[in-house]
Amino acid sequence: MTLSTILLFIPASFALNMAPGPNNLLSMANAKRYGVKVACCAGIGRLVAFVGMITLAATGLATVLHTSEKLFLAIKVVGGLYLLWLAFQLWTADPTDGGVGSSAGKGLLQLARQEFLLAAGNPKAILIFTAFLPQFVDPSGSIGLQFLILGSLFLMLEWIAIGTYAVFGKVLRHWFSRPAMRQLFNRICAGFLGSSGVGLLLARRE
């Protein structure tokens, strides 16, 4: 793997990291309610799921998703339904709940688990790692080492994305200080999450 390969990988990867997908929207919503620090720590759950996906891609096990239609369908349905459940929770959330420090809020482990399940329930993410990372791997070199380097860079960039969306969520928390505006924000996020869930359920293997 050459330096030019890594320099090509970083911007391409960061574009994927910064895409406004379900996990990034969840980080933004968590930061609005619980604060930036909690949202960033909860994002560790997402990183754990991605480590598993990168490991699958490195060992070639992710090819099972390309060959097993039933497995792909099972993961897709579970992930899509979970997205719809999160959307429903956001849509029906109490807009008078200020969030940070609220005794009715979720604990850090619950938020991290939510991030993990949301990432792990998306088979398209595994397919991205299967199709995207190998493009930057030199088959004549050490495959494991190259996946380690690329995977580590991807996770570092993902962490930056988590922090970026969390900060944006904190800014929105001040903008949407009134209950009516909180409800509007929650329902906008719920709409995006719900759309992602429907899209995932309708997705086909490529």
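Because the structure is a prediction, the values reported are computed rather than measured.

(A) Spatial organisation of helix 2 (residues 22–34). The terminal C-alpha atoms of helix 2, which comprises 13 residues, lie 18 Å apart, in line with the 18 Å expected from a rise of 1.5 Å per residue. With 12 of 13 residues buried, helix 2 lies mostly within the body of the structure. Count one or two residues on from helix 2 and you reach Gly 35, which has phi positive near 110°.

(B) Focus on helix 1 (residues 3–18). When the terminal C-alpha atoms of helix 1 are compared, their 23 Å separation across 16 residues agrees well with the 22 Å that a helix rising 1.5 Å per residue should span. Every buried residue of helix 1 is accounted for by Thr 5, Phe 9, Ser 13 and Asn 17.

(C) Structural context of a nonpolar patch on the surface. A surface patch of nonpolar side chains, amounting to about 430 Å² of accessible area, comprises Ile 44, Val 48, Phe 116, Leu 117 and Trp 159. Those elements giving two or more residues to the nonpolar patch turn out to be helix 4 (44–59) and helix 7 (108–120). Mapping Val 48 onto the fold places it in helix 4.

(D) Quick peek at the packing of aromatic side chains. Within this structure, the stated rule accounts for three aromatic pairs. With a centroid separation of 5.1 Å and an interplanar angle of 80°, the aromatic rings of Phe 9 and Phe 136 are classed as edge-to-face. Of this pair, Phe 9 sits in helix 1 while Phe 136 sits in the loop between helix 8 (123–132) and helix 9 (143–175), and the two are 127 residues apart along the sequence. Exposure remark for Phe 136: the relative accessible area of 13% places this residue in the buried category.

(E) A look at the environment of Leu 26. Residue position: Leu 26 is located in helix 2. Taking the relative accessible area as the measure of exposure, Leu 26 reaches 5% and is therefore buried. Along the backbone, Leu 26 and Ile 162 are 136 residues apart, and their C-alpha atoms lie at a distance of 9.5 Å. Discounting residues that sit within four places of it in the chain, Leu 26 has contacts with Gln 114, Glu 115 and Leu 118.

(F) The arrangement of the confidence of the model for the protein in detail. For the protein, mean pLDDT is 79; residues scoring 70 or higher make up 81% of the total. Looking at the elements of the protein, mean pLDDT is at its lowest for helix 5 (residues 63–67), recorded as 59, and at its highest for helix 3 (residues 36–42), recorded as 94.

(G) Region of interest: the nonpolar core. If you look at the biggest cluster of nonpolar residues, it comprises 25 residues, and the most contacted ones within it are Phe 9, Phe 50, Met 53, Phe 129, Leu 133 and Leu 150. Counting residues per element, the ones that place at least two in this core are helix 3, helix 4, helix 8 and helix 9. Counting residues per element, this core draws most heavily on helix 9, at seven residues. Look past the residues within four positions of Met 53 in its chain and what remains in contact with it is Ala 119, Ala 120, Asn 122, Ala 125, Ile 126 and Phe 129. Counting 10 residues, the second largest nonpolar core, distinct from the first, contains Leu 90, Tyr 165, Phe 185 and Ala 190.

(H) Focus on the environment of Ala 42. Note that Ala 42 resides in helix 3. The class of Ala 42 is buried, set by a relative accessible area of 0%. Excluding anything up to four places from it in sequence, Ala 42 contacts Leu 108, Leu 111, Ala 112 and Glu 115.

(I) Inspection of the pattern of salt bridges at higher detail. Counted according to the given criterion, the structure contains two salt bridges. For Glu 115, the salt bridge goes to Arg 46, with nearest N and O atoms at 3.1 Å. Of the two residues, Glu 115 sits in helix 7 while Arg 46 sits in helix 4, which places them 69 residues apart along the sequence. What makes Glu 115 buried here is its relative accessible area of 0%. Exposure remark for Arg 46: the relative accessible area of 0% places this residue in the buried category. The salt bridge involving Arg 46 is made with Glu 158; its shortest N-O contact spans 2.6 Å. Of this pair, Arg 46 sits in helix 4 while Glu 158 is found in helix 9, placing the two residues 112 residues apart along the sequence. A single salt-bridge network, built from bridges that share partners, covers Arg 46, Glu 115 and Glu 158.

Conventions we followed
Residues numbered from 1 in each chain as written. Predicted model: local features only at pLDDT ≥ 70, side-chain atom pairs only at ≥ 80, totals over all residues. Heavy atoms only, no water. Helix = DSSP H or I, 4+ residues; strand = E, 2+ residues; numbered from the N terminus. Expected span 1.5 Å × (residues − 1). Buried < 20%, exposed > 50% of the residue type's maximum accessible area, 1.4 Å probe, protein only. Patch = residues over 30% accessible without salt bridge, like charges linked within 9 Å, V, L, I, M, F, W, Y side chains within 5 Å. Areas by Shrake-Rupley, 256 points an atom, 1.4 Å probe, with all protein chains shown as cover. Salt bridge = Lys/Arg side-chain N within 4 Å of Asp/Glu carboxyl O. Phe/Tyr/Trp six-rings, centres within 6.5 Å; stacked < 30°, edge-to-face > 60°. Contact = heavy atoms within 4.5 Å. pLDDT = per-residue confidence, 0-100. Core = buried A, V, L, I, M, F, W, Y, C linked by side-chain atoms within 4.5 Å.

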